[in-house]
Protein chains: 2
Amino acid sequence: MIRIGVDIGGTGIQSGIVDENGKITHKTSIKTSINIPFEEQISNLAESIRQLTLSAGYTEADISSIGFGIPGIADQKTGDVIKCTNMNWVNVPLRAEFQKHINVPIYIDNDATVAGLAESAAGVSKGTSSSVFITIGTGIGAGIVINGKVWSGAHGIGSELGHVILKLDGEPCTCGNRGCLERYCSATAIIRMAREACTENPDSLMLKKAETLDGINAKIVFDSAKEEDPTAVKVFNYYISCLAQAIASIINLIDPEVIVLGGGVSKAGDFLLNALKKEVPQYVLFNTLPMPEIKIAQLGSDAGIVGAASLG
Amino acid sequence: MIRIGVDIGGTGIQSGIVDENGKITHKTSIKTSINIPFEEQISNLAESIRQLTLSAGYTEADISSIGFGIPGIADQKTGDVIKCTNMNWVNVPLRAEFQKHINVPIYIDNDATVAGLAESAAGVSKGTSSSVFITIGTGIGAGIVINGKVWSGAHGIGSELGHVILKLDGEPCTCGNRGCLERYCSATAIIRMAREACTENPDSLMLKKAETLDGINAKIVFDSAKEEDPTAVKVFNYYISCLAQAIASIINLIDPEVIVLGGGVSKAGDFLLNALKKEVPQYVLFNTLPMPEIKIAQLGSDAGIVGAASLG
C-alpha cells in the first residue's frame, strides 16, 4: 500500500508517493490557474496522480490514502474546503469531487499544519510527541502537534498564529484588526522595520545593497546585520525581540517539546537561531526549568507532500 | 474504590471524596502555615485524609488515587513540587513524602489546570473534549484540555496564559517583562484602568462608591458601568476590548470547543459574558465559521477538589 501527499499552491500542485520513512519516492506536478473551473482542476489532478501511481509501478488499488495540504481552511469531517483564496475555492467539496475519480480515503488540512506534521513525522521534530511549527514568510502560519496528533482546533479554525494579538492597538493588519503577531514577526514585518529605519538612516548598508527602499528584503537585512551595519543591527535586534516574545508566549501557553521554524526567514539559519536562543528564555515564566528546544525545519519544500501524506 | 481531591491554598488545605459524577460526598479541611516544616504539613494532611476516609465509612485500601491542585508548578512525572510560593515549597518531593503515610497513586497539577479539568469533568464544559478555562482574579491562570486530557505542556510549564504577551513594550509585569496579558485582563488590570480614569474624572460614580482611589475594586467598576456612569462605561468597554482580544487570540491559536471563564471577575456573570460575546468575533480570523462558545464556570470553590480528584 502507498500513501500520496498533495501540496496545493497558487500556481501549481505537487503530488508525491511517500514511503514509511517519510521519504518521497516519486513526484509529479501540474500547473493550474484560478481561471480553471474547480471540477476540471480536480479532474486534471486525479489524472496526474493516476499517472504518478502507474509510472511508479502501482495501481489505484495500492493507494491507502491521499492527503491534501491547502493554503486555506478545510472541514476535516466533511472534506470540504471552506476557503482557499489562492485557488479561488470557497465551500467546495474537495473530497467528494476527488473521490469521483479515485475512490480512496481523503484527508485535508492547512498547509502550515501539514508542514508541521511533516517535520514531526520525518523531519527535525521526528520522535517528539508535541511540537509547534512556525512558518515565517510573507505572513505567519503554524502547525500544532499534541500527543502525537495534529491539533487544528475543535472547529478547524485554530493554529492561526499570525493573527494572535501581539500588540494591543498596534499596526493595522490585512485581516482588519490591529497588532496581529504577523505584523511584527513575518518577513513583511522585517521589511517594514528596515524601510522605516532606512528612511531615517539613508546611509545604511541595507539601502546600498537594495538600491531602493522597495528593493529591501529580509535577506538584505540579515546580511547587513551580519556585516554589522548599525541600522541593520538595530532592526535585527528589534525583530528578534518581537519574535522571541512571540515564541516565549507559545512556550508559556502550549510548552511543546520543540518549536520548529520554517518558511523563508528560517533560511537565515544559525544567525537567526542563536539570537533567538539567547533572547527567548528571558520571556519564559519558568525559565530555570527545562523548556522547548528551538530548531530550524529540515524538509524544506518537500514538507508539503510529506505532511499531507502523513495525514492518512 | 474512591478518589480524593486536595486543594492546596495559602492558609488552608481542602480535601474531599469525589464520586463518579464529580460530586463531593465528604469534605474536610486543615489550616496550615508557611512556618510549619514541609514534612509536618504533609503528615498533618495525611492524617486529615485518613480521618476523612474513615468517617465516610472507607479504609485506606479503598482509595484508588489522590490528586493535588497546587498554586504553583509540579513535575507530573516525579511528583515533586518545583515551586509553590504560597506554601513556601521549592523542589519538595510531595508525592514521595505523602506516600510514606498513604501509599496510593498521587497526581499533582497547577490549580488553574485542575479547575479547568473540574469544569470539563463535572461542570459547564462537561461532555466536551477540548476546553480552555481562564481564571480571572488578581492574576490570570488557565487550564487547557485537549482530546479529553489536561495539557500543561511537555515540560509542565505551559498554560501560563497570564504571561503571554498581549502588548509588546506595554505595562511592566510582576514577572519582570512588559505587556503580559494579565496586565490588561485581570481584576488588577480593571482596577488600574479605573483608578487612572478616576484620577482624570474625579466625578465618576466609581469614586463615589469607593470613597478613595484605593477603595476601587472590579465589582465597583462593573456596578458603575451597569448604572451607566460614563467613566465606568469607558473603562468597562476598554477592558472588554482587551479581554476579547485575548480570548480571540486563544481561539485563533487553540480553538477549543468551549472557553470557560472562572475566578472573581467571572462573578459579573451575564453582564461580562454578553459584552464579550458581542466583541470577541470581530477579532477571530474565520468568524463566519462555527467558533468556541464562551461560558461562565459552574463549580466555584468546589472546582479545586473535584478537578484534583479527576487527575486520577
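Residues numbered from 1 in each chain as written. Chains lettered and ligands numbered in written order. Predicted model: local features only at pLDDT ≥ 70, side-chain atom pairs only at ≥ 80, totals over all residues. Heavy atoms only, no water.

### A short note on the overall build of chain A
And then number 1: Counting its secondary structure elements, chain A contains 10 helices and 13 strands.
And then number 2: Taking 312 residues into account, the globule formula puts the C-alpha radius of gyration at 20 Å, and chain A, at 20 Å, falls close to it.
And then number 3: For chain A, the spread of C-alpha atoms along the principal axes amounts to about 60 × 45 × 35 Å.
And then number 4: Counting the 312 residues in chain A, one finds 57% classified as buried.
And then number 5: Only carbon and sulfur atoms are counted for the fraction: they give 48% of the accessible area of chain A, which is about 12600 Å².
And then number 6: If you average the places of the 25 positive and of the 33 negative side-chain charges in chain A, the two averages end up 2 Å apart. (Helix = DSSP H or I, 4+ residues; strand = E, 2+ residues; numbered from the N terminus. Rg over C-alpha atoms; globule rule 2.2 N^0.38 Å. Buried < 20%, exposed > 50% of the residue type's maximum accessible area, 1.4 Å probe, protein only. Areas by Shrake-Rupley, 256 points an atom, 1.4 Å probe, with all protein chains shown as cover. Lys, Arg positive; Asp, Glu negative; His and termini not counted. Charge placed at Lys NZ, Arg CZ, Asp CG, Glu CD.)

### Re the packing of aromatic side chains
For any pair of aromatic rings, the description rests on two quantities: the centre-to-centre distance and the angle between the ring planes.
All names here are of chain A.
And then number 1: If you walk through the whole model with that rule in mind, you get 10 aromatic pairs over all chains.
And then number 2: Judged by centre distance (4.6 Å) and plane angle (20 degrees), the rings of Phe 236 and Phe 271 are stacked. Residue Phe 236 is found in helix α8 (residues 230-253), and its partner Phe 271 is found in helix α9 (residues 270-279); the two are separated by 35 residues along the sequence.
And then number 3: Under the relative-accessibility criterion, Phe 271 is labelled partly exposed at 26%.
And then number 4: Aromatic ring contacts, followed pair by pair, group Phe 222, Phe 236, Tyr 239 and Phe 271 into a single cluster.
And then number 5: In this structure, Arg 192 is placed above the aromatic ring of Tyr 184, and the distance from its NZ or CZ to the ring centre is 5.5 Å. (Phe/Tyr/Trp six-rings, centres within 6.5 Å; stacked < 30°, edge-to-face > 60°. Lys NZ or Arg CZ within 6 Å of the ring centre and 35° of its normal.)

### Some thoughts on the sheet that holds strand β7 (residues 89-92) of chain B
Residues and elements named next belong to chain B.
And then number 1: Taking strand neighbours across the sheet as the criterion, the three strands line up as β5-β6-β7 in an open arrangement whose pairing is antiparallel. Strands at the two margins of the open sheet, each flanked by one partner only, are β5 (73-75) and β7. For this sheet, the mean angle separating the axes of adjacent strands, direction not counted, is 20 degrees.
And then number 2: In the sheet, β5 pairs with strand β6 (residues 80-84) via three bridges, with the strands oriented antiparallel. Counted as the bridge partner of Ile 73 is Lys 83 from β6. (Pairing = 2+ DSSP bridges. Axes fitted to C-alpha atoms, helices over the stretch in contact; angles between N-to-C directions.)

### As for the confidence of the model for chain A
Close inspection of predicted coordinates is inappropriate in any region flagged by low pLDDT.
And then number 1: Mean pLDDT over chain A: 95, with 100% of residues reaching 70 or higher.
And then number 2: Across the whole predicted complex the pTM is 0.93, and at the interface the ipTM reaches 0.92. (pLDDT = per-residue confidence, 0-100.)

### Describing the sheet that holds strand β11 (residues 149-150) of chain A
And then number 1: One open sheet holds the five strands; their spatial order is β11-β10-β9-β12-β13 (chain A), and the pairing between them is mixed. The sheet is open, and its two edges are formed by β11 and β13 (293-296) of chain A, each paired on a single side.

### Focus: helix α5 (residues 187-200) of chain B
All names here are of chain B.
And then number 1: With 14 residues, α5 should reach 20 Å at 1.5 Å per residue; the first-to-last C-alpha distance of 20 Å fits that figure.
And then number 2: Buried residues of α5: Ala 187, Ala 189, Ile 190, Ile 191, Met 193, Ala 194, Ala 197 and Cys 198, and no others.
And then number 3: Contacts made by the buried residues of α5 are with β9 (131-136), α4 (182-185), α6 (205-210), α7 (218-226) and α8 (230-253). (Expected span 1.5 Å × (residues − 1). Contact = heavy atoms within 4.5 Å.)

### Description of empty space enclosed by the protein
And then number 1: By the definition in use, this model includes four cavities of 30 Å³ or more.
And then number 2: Within this model, the largest cavity holds a volume of roughly 160 Å³.
And then number 3: Lining the largest cavity are 19 residues, and of these Val164(A), Ser249(A), Leu253(A), Val164(B) and Ser249(B) lie nearest its centre.
And then number 4: Among the elements of the structure, α8 of chain A together with α8 of chain B are those that each provide at least two residues to the lining of the largest cavity.
And then number 5: Sort the elements by how many residues they give to the lining of the largest cavity and α8(A) lands first, with five residues.
And then number 6: Residue classes in the lining of the largest cavity are distributed as 16 nonpolar, three polar and no charged. (1 Å grid on protein atoms, 1.4 Å probe; cavity = no way out; pocket = protein on both sides within 12 Å on 5 of 7 lines; lining within 4 Å. Points joined across faces, edges and corners; volume = space filled by probe spheres on them. Nonpolar A, V, L, I, M, F, W, Y, C, P; charged D, E, K, R; others polar.)

### Some points on the layout of surface pockets
Residue and element names in this part refer to chain B.
And then number 1: Roughly 1100 Å³ of volume is contained in the second largest pocket.
And then number 2: If you go around the second largest pocket, you meet 41 residues; those closest to its centre are Pro 71, Asp 111, Ala 112, Thr 135 and Gly 141.
And then number 3: Those elements that provide at least two residues to the lining of the second largest pocket are β1 (2-8), β6, α3 (111-122), β9, β10 (140-146), β12 (258-262) and α10 (303-310).
And then number 4: With four residues, α3 is the largest single contributor of residues to the lining of the second largest pocket.
And then number 5: Looking at the lining of the second largest pocket residue by residue, the class counts come to 16 nonpolar, 18 polar and seven charged.

### A short note on the relation of the copies chain A and chain B
And then number 1: Once chain A is rotated about the relating axis by 180 degrees and shifted along it by 0.0 Å, it coincides with chain B to within an RMSD of 0.1 Å. Viewed as a symmetry operation, the transformation between the two copies matches a two-fold axis. Residues of chain A ranked by C-alpha distance from the rotation axis are headed by Lys167(A), positioned 2.0 Å from it.
And then number 2: An overlap of 100% is found between the interface residues of chain A and their copies at the interface of chain B, pointing to a shared contact surface. (Least-squares fit on C-alpha atoms with pLDDT ≥ 70 in both.)

### Here's the deal with the interface of chain A and chain B
And then number 1: Across the contact, 49 residues belong to chain A and 49 residues belong to chain B.
And then number 2: If you look at where chain A meets chain B, you find two salt bridges.
And then number 3: With a shortest N-O distance of 4.0 Å, Asp169(B) and Lys167(A) are connected by a salt bridge.
And then number 4: For the pair chain A and chain B, the interface holds 26 residue pairs in polar contact (both at pLDDT 80 or more).
And then number 5: With seven residues, α8(A) is the single largest residue contributor to the side of chain A that touches chain B.
And then number 6: Considering only residue class, the side of chain A that touches chain B consists of 28 nonpolar, 14 polar and seven charged. (Salt bridge = Lys/Arg side-chain N within 4 Å of Asp/Glu carboxyl O. Polar contact = N/O pair within 3.5 Å; in protein donor to acceptor, adjacent residues only side chain to side chain.)

### Description of the packing of α8(A) against α9(A)
Geometrically, a packed helix pair is captured by the angle between its two axes and the distance between the axes.
Residues and elements named next belong to chain A.
And then number 1: The interhelical angle for the contact between α8 and α9, taken along N-to-C directions, is 60 degrees, at an axis separation of 9 Å. As summarised for this structure, α8 and α9 are arranged oblique, according to the angle between their axes. Crossing angle aside, the handedness with which α8 passes α9 is right-handed. Across from Phe 236, Tyr 239, Ile 240, Ser 241, Leu 243, Ala 244 and Ile 247 in α8, the residues of α9 making contact are Phe 271, Leu 272, Ala 275, Leu 276 and Glu 279.
And then number 2: Looking at the contact of α8 with α9 residue by residue, the classes come out as 10 nonpolar, one polar and one charged. (Parallel < 35°, antiparallel > 145°, perpendicular 65-115°, else oblique. Left-handed = near helix turned anticlockwise from the far one by under 90°.)

### Some points on the environment of Asn217(B)
Residues and elements named next belong to chain B.
And then number 1: Looking at the element boundaries, Asn 217 is found in the loop between α6 and α7.
And then number 2: For Asn 217, a relative accessible area of 34% puts it in the partly exposed group.
And then number 3: Considering only alpha carbons, one finds Asn 217 and Ser 129, 88 residues apart in sequence, at a separation of 35 Å.
And then number 4: A polar contact is formed between the side chain of Asn 217 and the backbone nitrogen of Lys 219, at a distance of 3.2 Å.

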